[in-house]
Amino acid sequence: MIAMTVVNIHMKEQEKKKLLKFIEAHDIKSYSEFIRQVLSEKIRIEEFAEEGELDTDPEVPEYIPKNKYVAFVNGAIASIGESPSEVAHNAMLKFPHFPIIIKYSGESDVKPLEYCFMSLSEFHGWKYSKFQTLTYPLLPISFKYESGENPLLACIDTAASLCLLKEGIIPLEQLSLSRKENIFTAGGLIQAEIYSGIVRILDVDFEIEFIISPINNQLPFEFLIGRNLFDQLDAYFLGKKRIFFLKKAD
């Protein structure tokens, strides 16, 4: 005989009515199926948050040359270079699914920059990476163009309507120009060339449009995910836990 635990959940009548409407509208099989899905996602988030901590503060070894940036993954040195952008990219190539901590091997007076600009059928999680006092929800992606494919680190910008690629990453002649458009920025109206391409997240390809613009090397990413890609995803951001989850939107 197999014994199964039955969980009774007390709900107010108004909450039951709302839940029933939601279940019917989203073609969910039953109350039980919905609750199992919610519990499964909640447990996954809590388990993922407990898998290691980013609060470690690794020391840069004395043998590292002065005035270099060092990227740590799981407490080990993953990359050494001249800028946060360089070391983050190289660390991502070696460890694409681990959070990165970036330290400087000298006395830096550079302040943290403020900026604005899986099978994905189920939620897949990433931990925030850290540079100086700031944390970043960095996402490893592959950017496809006419003659190749480049691995890049991306950051999500929920305010931008278009994706943005760091200039100099891909030769312009390898990109497919889509159109020219007026773009509204915090600094005013500009006219920009809009390109089309393909971004891969885990094993899912997304056709997108994007613009090219400078991204400072003091920022540890090379691509900004705008709403034209972000709207194709469902996302959970848990800022206090410094983790985020994505899946392809239904």
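The rules behind these values
Residues numbered from 1 in each chain as written. Predicted model: local features only at pLDDT ≥ 70, side-chain atom pairs only at ≥ 80, totals over all residues. Heavy atoms only, no water. Phe/Tyr/Trp six-rings, centres within 6.5 Å; stacked < 30°, edge-to-face > 60°. Helix = DSSP H or I, 4+ residues; strand = E, 2+ residues; numbered from the N terminus. Buried < 20%, exposed > 50% of the residue type's maximum accessible area, 1.4 Å probe, protein only. Core = buried A, V, L, I, M, F, W, Y, C linked by side-chain atoms within 4.5 Å. Contact = heavy atoms within 4.5 Å. Pairing = 2+ DSSP bridges. Axes fitted to C-alpha atoms, helices over the stretch in contact; angles between N-to-C directions.

**Q** For this particular structure, what's the right way to read the packing of aromatic side chains?
**A** Centre-to-centre distance and the angle between the planes together describe a pair of aromatic rings. Taken as a whole, this structure holds 10 aromatic pairs when the rule is applied. Look at Tyr-69 and Tyr-104: their rings are 4.6 Å apart centre to centre, the planes differ by 45 degrees, and that puts the pair in the tilted class. Taken together, the positions of Tyr-69 in strand β1 (residues 69–73) and Tyr-104 in strand β3 (residues 101–104) put the pair 35 residues apart, joining distant regions of the chain. Taking the centre distance of 5.5 Å and the plane angle of 20 degrees together, the rings of Trp-126 and Phe-244 count as stacked. One end of the pair, Trp-126, is in strand β4 (residues 124–127); the other, Phe-244, is in strand β15 (residues 243–248), with 118 residues separating them in the sequence. In this structure Phe-244 comes out as buried when scored by relative accessible area, which is 0%. Put simply, the rings of Trp-126, Tyr-128, Phe-230, Phe-237 and Phe-244 touch in pairs and so form one group of aromatic residues.

**Q** Could you clarify how one ought to interpret the nonpolar core in this entry?
**A** Most often, soluble globular proteins keep nonpolar side chains buried together rather than apart. Residues Phe-143, Ile-201, Phe-223 and Leu-246 are the most contacted members of the largest nonpolar core, which totals 27 residues. By residue number, the principal contributor to this core is strand β12 (residues 204–213), which donates 4 residues. If we ignore the near neighbours within four places in the chain, the residues touching Phe-223 are Ile-141, Phe-143, Leu-152, Leu-153, Ala-154, Cys-155, Cys-163, Leu-164, Leu-165, Val-199, Ile-208 and Ile-215. Counting 25 residues, the second-largest nonpolar core is a separate cluster that includes Cys-155, Leu-164, Ile-211 and Leu-219.

**Q** Would you take a moment to explain the sheet that holds β15 for this structure?
**A** Strands in a sheet are paired, the pairing made by backbone hydrogen bonds, and the direction either parallel or antiparallel. What the 3 strands build is an open sheet, ordered β4-β15-β14; its pairing is antiparallel. Bordering the open sheet on either side are β4 and β14 (233–238), each of which pairs with just one other strand. Strand-to-strand, the axes of this sheet are offset by a mean angle of 20 degrees, without reference to chain direction. Where β14 lies against β15, 6 bridges are found, and the strand directions are antiparallel.

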